Amino acid sequence: MSQVDSLEEVIEKNPQEKHLSDYRPSDYSISTIDLEFDLFDNQTTVKAISQVKRVSAKATPLFLFGESLKLLSVLVDDVDYSDFELIEEGGMLINSLPDSFKLEINTEVDPAKNLAFEGLYKSGEAFCTQCEAEGFRRITYYLDRPDVLAKFSTKVIADKTLYPYLLSNGNQVDQGDLEGGRHFVSWVDPFPKPAYLFALVAGDFDCLKDTYTTKSGREVELALFVDKGNLDKTQHAMLSLKKSMQWDEQRFNLEYDLDIYMIVAVDFFNMGAMENKGLNIFNSKFVLANPQSATDQDYLGIEAVIGHEYFHNWTGNRITCRDWFQLSLKEGLTVFRDQEFSSDLGSRSVNRIANVMTMRDHQFSEDAGPMSHPIRPESVMEMNNFYTLTVYEKGSEVIRMLHTLLGEEKFQQGMQLYVQRHDGQAVTCDDFVAAMQDASAIDLILFKRWYSQSGTPNVFVTDHYNNINNTYQITFKQKTLPTADQAKKLPLHIPIDIELLDNKGNAIELSKGRTTRVLSLTHKEQTFVFQNVKSKPVPCLFRGFSAPVKYQYAYSDEQLLDIMSFASDEFSRWDAGQTLFNKYLVKNVKALQQKEALELPEIFIDGFKSVLVSENLDPALIADMFTFTSENGARELFEYVDIDAIHHARHFMLQEIATQLHELFVDTYLRHHKLKAYQADINDIAERKLKNISLIFIALVDKKLANEYVLAQIDSCNNMTDHLGALTAANIGLLPCRSDVMKAFDDTWYENGLVMDKWFALQASMPCEKVLNNIENLFNHRSFVFNNPNRLRSLVGAFAQNNTYHFHNIDGSGYQFLTEQLIKLNSLNPQVASRLITPLIQFKRLDEVRIQLIKKQLNRLLVLPDLAVDLYEKVTKALAQ
Ligand code: TRP
Ligand code: ZN
């Protein structure tokens, strides 16, 4: 059987795609649902009593979603009911129902065997739930869709010794002891909500309590639940929560609405965290931190994710999505809000740079690959596959463009109008944009194309200076290439934030008292003219990454250096450095392909030298300037991706920079290497970042000195950032001490899975041939747990995602290895499998040898008898390229 035949055959029995255009409101509404859980490891019973009303005129049957459930009984108005059918694809059709009735459904589930971590499952000793996007249907038969909002009450029954804490959404209303050592707690959530926001937790925890007084004077109880023994790692998360609550009041005028806010940290979780009403459930990675076990990045990540989930209380919970195609309504907006939160509390430029790196290193390639979709997708097979960088990060960029076009004041007026109009509703992205347009009186009709068009636009920029009449004219052409999901592309509304530098590096006045301007590119091609420009300016384009596009302008090296030194926007300075690096990366890749000598001119080195010695730049910004385009990000610079040439050219450049600036790196290292009490404060974080980057550059050149520094740093440091910084340098430089310091770390930390994740990720990113062999052995490591998504992402994900060159080994071993893990995971945890497959499906622009090797592996997956729809969707799209 040929490959094509088998692909078509499998597509035959295609799980159906769902389309946005098929949306219809529900025929039934549910006003209340009262749940009762009797918790046991393998046989938990769930009683669900709903008040249901028909809202459609026709007497249609009621379809309820349900998956992996054992049905015990159905009662209508308290009488046993049998006029229903179970539907194989996952649901139940109930016939001959009255207009309004009480529906009781009793089901049984098996939490201990649920390794997909969707629905009700066990994380270690605790019971917990994950219902977004469509997990509630694994708890009971229900109208599991986000536009059906009901008031939930929940009674949880469990063994009292094993599960002293029984938690659910809303406020606790009752509790008591029962026979056989069991007890119960009852909860009522006064806010109607869709089922995906339901949560239940039962377990034995340590608990950190606090309170927050809202700006209108209401006292809210805050509670953070963690595994026993982890109380010393909860302070930062609690502080972050209080900062989030205050920030949302100050910047968005939004206050918390319940009397209690709970966060539970669990070790087994597919994603980062979940915003369940009043009861967030978090991956413990985004809660637990103390200086010894968490890095600066962990501290910042915790603050951002705590903020993100908290901000969902308004943007997601009070106002939710009409259907899952509208996911970016809540996610894009909430990511924008958490990015603003981090920027207001920390360094705006450093945050901006980090977000842009994510876009360029990962979102651009997603948008150019087989899974390309607009931020509001039009068709979906498995919803879990659409919690993507596009929906989240590009979604946030789209909100940010609205913010740029409207300005803070009008944007906030738009937010107020959005809340006023839609509080308590399930709405669409169109509703959001309409509120922004109505509040600001700015026309956003064209802008809305960002919601329906996929792909990264290219903007080509040319200019002309006329020294006789002192005019400067600049022309933008936009072109978006066809993507896998969409052939035809239209012009978009692209905001271009611009500054012009004169020949002394000063910003030219563009309008009275203003040296910057936001141009609106709305056509395929457009020219803007500036008057009274006294000399040929250097254009500083897309300041702050004012649109998620790739742009090209024929900058000379000198012009880029001018921007690096003089642009008023720190992001632009960083971006000019990236552009300069990329320019020589492209040159050197071509040189390698044509067997010519590689080069990095003096002017390049001099430019970066002045960055390194600069006294007035934020050390964190300097560190970012020396964080060059990754091998992943570099692919987007080429039409045909030459894995080997990119690797070698990039390596040559880093080696060259390290060699020529060696003394300065040593000096920088020593200047910022300070022994003092750990504080996760932004200045200290910046210094540690620059110091540890310097150490890496030292390790590329002087192994002996680096070895000394690494050992001394590990010996003297009092925090994980510096410990890991030293290990990273030892790993990248393959220093003599590498295996000893890795072993010592292992011996110290082997019982702490979260800390070992850092160690596994280092092992997986070792720049050396034998890395894959090492990884295979590490599956037997005492700290490795295949079922734990964090462990798996650290070992397998870090290798496939970040160790680009070795993953793409031309012998195909990396592809084969990843595929073997995916085959195992397919039946255990398809959601995690489907996230790990990413580097295996973005192969279209690789060389023919690698393409064939990858296709062979994808075909192995395709013929699996029980291939989960999550992987099915991605594998078929990848093979159809
Ligand atoms: N809504 C969650 C967030 O934004 C995302 C999430 C958590 C999720 N767990 C999930 C999405 C499981 C899909 C499946 O943080
Ligand atoms: Zn979210």
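First, a word on scope: everything that follows refers to the structure included in this document.

Conventions used here
Residues numbered from 1 in each chain as written. Chains lettered and ligands numbered in written order. Predicted model: local features only at pLDDT ≥ 70, side-chain atom pairs only at ≥ 80, totals over all residues. Heavy atoms only, no water. Helix = DSSP H or I, 4+ residues; strand = E, 2+ residues; numbered from the N terminus. Rg over C-alpha atoms; globule rule 2.2 N^0.38 Å. Buried < 20%, exposed > 50% of the residue type's maximum accessible area, 1.4 Å probe, protein only. Contact = heavy atoms within 4.5 Å. Areas by Shrake-Rupley, 256 points an atom, 1.4 Å probe, with all protein chains shown as cover. Lys, Arg positive; Asp, Glu negative; His and termini not counted. Charge placed at Lys NZ, Arg CZ, Asp CG, Glu CD. Pairing = 2+ DSSP bridges. Polar contact = N/O pair within 3.5 Å; in protein donor to acceptor, adjacent residues only side chain to side chain. Disulfide = S-S within 2.5 Å. Near = heavy atom within 4 Å. Nonpolar A, V, L, I, M, F, W, Y, C, P; charged D, E, K, R; others polar. Axes fitted to C-alpha atoms, helices over the stretch in contact; angles between N-to-C directions. Salt bridge = Lys/Arg side-chain N within 4 Å of Asp/Glu carboxyl O. Donors = N, O, S within 2.8 Å, 3.2 Å for Na, K, Ca; no water. Core = buried A, V, L, I, M, F, W, Y, C linked by side-chain atoms within 4.5 Å. Phe/Tyr/Trp six-rings, centres within 6.5 Å; stacked < 30°, edge-to-face > 60°.

### Description of the overall build of the protein
A count of helical and extended segments in the protein gives 28 helices and 31 strands. Relative to the 2.2 N^0.38 estimate, which gives 29 Å for 881 residues, the radius of gyration of the protein is 28 Å and therefore close to what a compact globule would have. When its C-alpha atoms are laid out on the principal axes, the protein stretches across 90 × 70 × 65 Å. Put simply, the protein has 881 residues, and 61% of those count as buried. Across the protein, contacts joining residues at least 24 apart in sequence account for 70% of those joining residues at least 6 apart. A total accessible area of about 34,400 Å² is found for the protein, and carbon and sulfur atoms account for 50% of it. Positive and negative charge centroids in the protein, built from 89 and 120 side chains respectively, lie 4 Å apart.

### Let's talk about the pairing of strand S11 (residues 126–130)
Within S11, five of the five residues are buried, leaving the element largely enclosed by the surrounding structure. Side-chain alternation along S11 places Ala126, Cys128 and Gln130 on one buried face and Phe127 and Thr129 on a second face that is also buried. With five bridges connecting them, strand S10 (residues 119–123) and S11 associate as antiparallel partners. Bridge assignment links Leu120 to a residue of S11, and that residue is Thr129. The hairpin formed by S10 and S11 contains two residues between the paired strands, and Gly124 there has a positive phi angle of roughly 60°. Judged from the two bridges that link them, S11 and strand S16 (residues 200–203) form a sheet pairing that is antiparallel. Paired with Phe127 across the strands is Ala202, a residue of S16.

### Here we look at the environment of Tyr196
Following the sequence through the fold, Tyr196 ends up in the loop between strand S15 (182–188) and S16. Those residues in contact with Tyr196 that lie beyond four places of it in its chain are Cys131, Glu132, Ala133, Pro146, Met274, Glu275, Asn276, Gly316, Thr320, Trp324 and Lys330. Reaching out from Tyr196, the side chain makes a polar contact with the backbone oxygen of Gly316 at a distance of 3.2 Å. At 2.8 Å, the side chain of Tyr196 forms a polar contact with the side chain of Thr320.

### A few points about the state of the cysteines
For the structure shown, the criterion picks out zero disulfides. Here Cys717 stays unpaired: no disulfide links it, and the sulfur of Cys737, its closest cysteine neighbor, is 13 Å away. For Cys737, a relative accessible area of 5% corresponds to the buried category.

### Considering the site of ligand 1
Within the structure, ligand 1 sits among 15 residues, and Glu132, Glu275, Glu309, Glu331 and Tyr392 are positioned closest to it. Here His312 contributes a side-chain N or O atom positioned 3.4 Å from an oxygen atom of ligand 1. Interatomic distance of 3.5 Å between a side-chain N/O atom of Lys330 and a nitrogen atom of ligand 1. For ligand 1, whose free accessible area comes to 370 Å², the fraction covered by protein is 96%. Where the shell around ligand 1 is concerned, the elements lending two or more residues are strand S20 (273–274), helix H3 (296–311) and helix H4 (327–345). Along the lines of polarity and charge, the residues of the shell around ligand 1 split into five nonpolar, five polar and five charged.

### Brief notes about the sheet that holds strand S28 (residues 516–521)
The sheet built from three strands is open, its strands ordered S28-S27-S30 with antiparallel pairing. The sheet terminates laterally at S28 and strand S30 (538–540), the two strands that pair on one side only. Each strand axis lies, on average, 40° off the axis of its neighbour in the sheet, ignoring direction. Here strand S27 (residues 494–501) pairs with S30 via three bridges, running antiparallel. Within the sheet, the bridge partner assigned to Leu500 lies in S30 and is Pro539.

### A few points about the pattern of salt bridges
Tallied over the entire structure, the rule returns 61 salt bridges. Among the ionic pairs, Arg322 bridges to Asp323, the shortest N-O distance being 2.7 Å. By relative accessible area, Arg322 is classed as partly exposed at 22%. The exposure class of Asp323 is buried, given its relative accessible area of 6%. Arg860 is paired through a salt bridge with Glu820; the nearest N and O atoms lie 3.6 Å apart.

### As for the sheet that holds strand S29 (residues 525–530)
The four strands lie next to each other as S29-S26-S25-S31, forming an open sheet whose pairing is mixed. The open sheet terminates on both sides in strands that have one partner only, identified here as S29 and strand S31 (550–552). Here the strands of the sheet are splayed against their neighbours by 20° on average, with no regard to which way each runs.

### Some remarks on the coordination of the zinc ion (ligand 2)
Donor atoms from the polypeptide that coordinate the zinc ion (ligand 2) comprise His308 (NE2), His312 (NE2), Glu331 (OE) and Glu331 (OE), at 1.9 to 2.7 Å from the metal. Sequence spacing of the donors to the zinc ion (ligand 2): H-x3-H-x18-E. Taken together, the residues His312 in the loop between H3 and strand S22 (320–321) and Glu331 in helix H4 connect sequence positions 19 residues apart. Overall, the relative accessible area of 1% leaves Glu331 in the buried class.

### Side note on the environment of Ser186
Tracing the chain through its elements places Ser186 in strand S15. Sequence spacing of Ser186 and Phe269 is 83 residues, and the spatial spacing of their C-alpha atoms is 25 Å. Non-local contacts of Ser186, meaning those with residues more than four positions away in its chain, are made with Thr154, Lys155, Asn171, Gln172, Val173 and Asp174.

### Examining the nonpolar core
One recurring pattern in soluble globular proteins: nonpolar side chains tend to sit buried together. Core analysis: the biggest nonpolar cluster contains 285 residues, and Phe432, Phe626, Ile657 and Leu858 have the highest contact counts within it. In terms of residues, this core owes the most to one element, helix H6 (residues 389–422), which gives 13 residues. If we ignore the near neighbours within four places in the chain, the residues touching Leu858 are Ile837, Leu840, Ile841, Phe843, Val875, Ala878 and Leu879.

### A word on the pairing of strand S9 (residues 100–109)
Remember that side chains alternate between the two faces of the sheet whenever the strand is regular. Most of S9 is tucked away, with eight of its 10 residues classed as buried. As judged from the 10 bridges shared by strand S3 (residues 44–54) and S9, these two strands associate in the antiparallel manner. When the bridges of S9 are listed, Lys47 appears paired with Asn106. When strand S5 (residues 70–76) meets S9, the two strands line up antiparallel, connected through six bridges. Bridging from a neighbouring strand, Lys70 pairs with Glu108 of S9.

### Some remarks on the packing of aromatic side chains
The final tally for this structure, using the stated rule, is 52 aromatic pairs. Judged by centre distance (5.3 Å) and plane angle (75°), the ring pair of Phe608 and Phe628 falls under edge-to-face. Note that Phe608 is positioned in helix H11 (residues 602–613) and Phe628 in the loop between helix H12 (619–625) and helix H13 (631–634), a separation of 20 residues in sequence. For the residue pair Phe608 and Phe628, the accessibility class agrees, reading buried in each case. Members of the aromatic cluster, connected to one another through ring pairs, are Trp759, Phe760, Phe779, Phe784, Phe786, Phe799, Phe807, Tyr815 and Phe817.

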